[in-house]
Amino acid sequence: MAARLPAAYRARVLAFWQELGISPRTVKARRLPVYVEAQRLQPLGLGTDGRDKLLVPAAAAAWVAMRMAAGEDGVDLLLVSAFRSIDYQASLIRGKLAKGRVIEEILTVNAPPGCSEHHTGRAVDIGEAGCPPLEEVFDQTTAFHWLTANAARYGFTMTYPKGNPEGYLYEPWHWCWNKLGSGEQGGALATEAAVPTQSTATSEKSFA
Ligand SMILES: [Zn+2]
């Protein structure tokens, strides 16, 4: 088990959970790990949303090599998403709450701030032209079939397959380079969180 997270980081993560109504019991029940945000990041160029994308240098090199190899096989891997900060993760969830979505449902798609592999600067969301981004139908694309056959050679694995233990929906587009062992179980933070309990009793069963 890795060392405890820095105290200031733990406090930031817990403050986000409290603000967004994320139940520590849910985090604990799903055994979600908490990851430290990557610090040294390398630009990869623009993603499909026209914004700069970043990964840690070793993951960036692996991505570039993998994308080039795919290209030589006539497959164009599009970069939809890479590094995300915990602040950005919180803003994604805040936006969905503002639209009236409930937190338990949001958390089947979005990790709680602190719990996303994208914080590590090692995870990418991959797309293919003509396929709607971040949709399960990505597993019907030539890009997905190429990744299934070849990504492991570049250190990438699909970390949220069907029935993943963290309770996320199937994410065939999400691939992580040299997945880290969990930094620290979110449940360890959850036990010290003084978060109001109004949203804890509802739908943990739906994650089973
Ligand atoms: Zn992802």
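A brief look at the structure comes next.

1. Here we look at the pairing of strand 5 (residues 123-127)
Where burial is concerned, most of strand 5 is hidden: 5 out of the 5 residues are buried. Burial along strand 5 is two-sided: the face carrying Ala123, Asp125 and Gly127 and the face carrying Val124 and Ile126 are both buried. Where strand 4 (residues 78-81) and strand 5 come together, 3 bridges link them in antiparallel fashion. Bridge pairing links Ser81 to Asp125 in strand 5. Relative to strand 7 (residues 174-177), strand 5 runs antiparallel, the two sharing 3 bridges. Among the inter-strand pairings, Val124 is bridged to a residue of strand 7, identified as Trp175.

2. Regarding unusual backbone geometry
For Arg31, which is not glycine, the phi torsion reads 55° and is therefore positive. The topology assignment puts Arg31 in the loop between helix 2 (24-29) and strand 1 (33-34). Positive phi, normally seen in glycine, also occurs at Leu134, with a value near 60°. By the secondary structure assignment, Leu134 is in the loop between strand 5 and helix 6 (142-150).

3. Considerations on the environment of Gly127
Its place among the elements puts Gly127 in strand 5. Using a count of 23 C-beta atoms within 10 Å as the deciding quantity, one classes Gly127 as buried. Separated by 11 residues in sequence, Gly127 and Phe138 place their C-alpha atoms 7.2 Å apart. Ignoring any residue separated from it by four or fewer positions in sequence, one finds Gly127 in contact with Thr48, Leu78, Val80, Pro133, Phe138 and Trp173.

4. Observations regarding the environment of His118
As for its placement among the helices and strands, His118 is situated in the loop between helix 5 (103-106) and strand 5. If sequence neighbours within four positions are ignored, His118 has contacts with Ser81, Phe83, Arg84 and Ala123.

5. Things to note about the sheet that holds strand 4
The strand order across the open sheet built from 4 strands is 4-5-7-6, with neighbouring strands paired in antiparallel fashion. Of all strands in the sheet, those bounded by a partner on one side alone are strand 4 and strand 6 (156-158). Going across the sheet, the axis of each strand differs from the next one's by a mean of 45°, ignoring polarity.

6. Remarks on the pairing of strand 3 (residues 52-55)
Burial along strand 3 is one-sided: the residues Lys53 and Leu55 are buried and none of Asp52 and Leu54 is. The hairpin turn running from strand 2 (residues 42-46) into strand 3, its antiparallel successor, is 5 residues long, and Gly50 in that turn takes a positive phi close to 80°.

7. Some thoughts on helix 1 (residues 7-20)
With 14 residues, helix 1 extends 20 Å from end C-alpha to end C-alpha; this agrees with the ideal 20 Å at 1.5 Å per step. Val13, Leu14 and Trp17 are the residues of helix 1 that are buried. Down the axis of helix 1, the buried set is contained in an arc of 95°. They therefore lie on one face. Summarising the geometry of helix 1, the exposed residues directed more than 90 degrees from the buried face are Ala8 and Ala11. Backbone geometry just after helix 1 places Gly21 at a positive phi near 75°.

Rules and cut-offs
Residues numbered from 1 in each chain as written. Predicted model: local features only at pLDDT ≥ 70, side-chain atom pairs only at ≥ 80, totals over all residues. Buried ≥ 20, exposed ≤ 12 C-beta atoms within 10 Å, placed from the backbone. Helix = DSSP H or I, 4+ residues; strand = E, 2+ residues; numbered from the N terminus. Pairing = 2+ DSSP bridges. Contact = placed C-beta atoms within 7 Å. Axes fitted to C-alpha atoms, helices over the stretch in contact; angles between N-to-C directions. Expected span 1.5 Å × (residues − 1). Arc of directions from axis to C-beta.

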